[in-house]
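Overview (structure and organization)
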Amino acid sequence: QVQLVESGGGLVQAGGSVRLSCAASGRTFTIYGMGWFRQAPGKERRFVAHIRTSGTSTYYADSVKGRFTISRDNVANTVYLQMNSLKPEDTGVYYCAAQRSSYSVPAYRSSYDYWGQGTQVTVSS
């Protein structure tokens, strides 16, 4: 089992920045990749960003490219999501997730085996 705990959410004005953290514990050696998803009120949970636990490969949703950066600290077993130039449409609950298989598609929710409890990010206009 892998446990994930997100932190760093809050209220921010449009154009501002927030950094989210996701701390992993447990059988972290089984993790191939980590992803961030977000869920706006009344909408489905959608992919935001992905990073492998080794190498430098990252992958982003088109809506956040150039504004968000995903990174990791393997020593601390933590993944970060730096969010800049925030827009009101970035509002939602942000979830981190852990992927065990290298064969599953990072943008699909079904590709992930473990999920955190989520952290709220609210961007005011």
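The paragraphs below set out a description of the structure included in this document. (Residues numbered from 1 in each chain as written. Predicted model: local features only at pLDDT ≥ 70, side-chain atom pairs only at ≥ 80, totals over all residues. Heavy atoms only, no water.)

1. With respect to the overall build of the chain
Within the chain one finds zero helices and eleven strands. Along the chain, helices (α) and strands (β) appear in the sequence β-β-β-β-β-β-β-β-β-β-β when read from the amino end. Against the 2.2 N^0.38 benchmark of 14 Å for 125 residues, the chain shows a C-alpha radius of gyration of 13 Å, consistent with a compact globule. Across the chain, every contact between residues at least 6 apart in sequence was considered, and the portion connecting residues at least 24 apart equals 56%. With 13 positive and 7 negative side-chain charges, the chain shows a spacing of 3 Å between the two charge centroids. (Helix = DSSP H or I, 4+ residues; strand = E, 2+ residues; numbered from the N terminus. Rg over C-alpha atoms; globule rule 2.2 N^0.38 Å. Contact = heavy atoms within 4.5 Å. Lys, Arg positive; Asp, Glu negative; His and termini not counted. Charge placed at Lys NZ, Arg CZ, Asp CG, Glu CD.)

2. Let's talk about the nonpolar core
In this structure, Leu4, Trp36, Leu81, Met83 and Tyr94 are the most contacted members of the largest nonpolar core, which totals 32 residues. Sorting the residues of this core by element identifies strand S1 (2–7), strand S3 (18–26), strand S4 (33–39), strand S5 (46–52), strand S7 (68–73), strand S8 (78–83), strand S9 (92–99) and strand S11 (119–124) as the ones contributing at least two each. Apart from residues lying up to four places away in sequence, Leu4 is in contact with Cys22, Ala23, Ala24, Met34, Cys96, Ala97, Ala98, Tyr114, Trp115, Gly116 and Gln117. (Core = buried A, V, L, I, M, F, W, Y, C linked by side-chain atoms within 4.5 Å. Buried < 20%, exposed > 50% of the residue type's maximum accessible area, 1.4 Å probe, protein only.)

3. A few points about the sheet that holds S7
Strand pairing within a sheet occurs via backbone hydrogen bonds; the two strands may be parallel or antiparallel. What the four strands build is an open sheet, ordered S1-S3-S8-S7; its pairing is antiparallel. Whereas interior strands pair on both sides, the edge strands pair on one side only; in this sheet they are S1 and S7. Here the average twist between neighbouring strands, direction ignored, is 15 degrees. Two elements, S1 and S3, share six bridges in a ladder whose sense is antiparallel. Bridging from a neighbouring strand, Gln3 pairs with Ser25 of S3. (Pairing = 2+ DSSP bridges. Axes fitted to C-alpha atoms, helices over the stretch in contact; angles between N-to-C directions.)

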